Amino acid sequence: MKPRPLTRAAALAGAALLALTAPALAYAATGTFRYVLPDGASASLVNPDDERCYNIDTYGPISNATNRYAVLYPATACRGNTNTLVPGQDAPHLDARSVRFTAQAPQR
């Protein structure tokens, strides 16, 4: 038995509606990003979201113990030239005001 055209059209419309209304998948790094605040206090981001900009204020040791690239910016709101820490990399002294995590290595 051949499907009726109306049934096929209804199935296609339903599939399209489902694709448009399905929630987008959110991804996050696994691990902890540690840094030191200007007053010497330690701070950290645990399992930070991918592609979200986090405002931080650090000039000191940074530890990227996540499974993502940590892209560091000299200004808030992820603006300016970047430095990148690969997953698992530490830096003894970096000046950064914001950070974004990404699964792909940033393009230069």
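Quick summary incoming for the structure in this document. Just so it is clear, the structure is predicted and the values come from calculations on it, not from any experiment.

## A short note on unusual backbone geometry
Logical step 1: For glutamate 51, which is not glycine, the phi dihedral falls at a positive 60°.
Logical step 2: Within the secondary structure, glutamate 51 sits in the loop between strand 2 (42-46) and strand 3 (53-66).
Logical step 3: Of note, the phi angle at alanine 77 is positive, near 60°, even though the residue is not glycine.
Logical step 4: Turning to its location among the elements, alanine 77 is positioned in the loop between strand 4 (69-73) and strand 5 (83-85).

## Notes on the state of the cysteines
Logical step 1: Scanning the entire structure with this criterion turns up 1 disulfide.
Logical step 2: Two residues share a disulfide in this structure: cysteine 53 and cysteine 78, whose sulfurs sit 2.2 Å from each other. Judged by the sign of its S-S torsion, about 100°, the bond between cysteine 53 and cysteine 78 is right-handed. Pair noted here: cysteine 53 is in strand 3 and cysteine 78 is in the loop between strand 4 and strand 5, with a separation of 25 residues, a long-range link.

Criteria and cut-off values
- Residues numbered from 1 in each chain as written.
- Predicted model: local features only at pLDDT ≥ 70, side-chain atom pairs only at ≥ 80, totals over all residues.
- Heavy atoms only, no water.
- Helix = DSSP H or I, 4+ residues; strand = E, 2+ residues; numbered from the N terminus.
- Disulfide = S-S within 2.5 Å.

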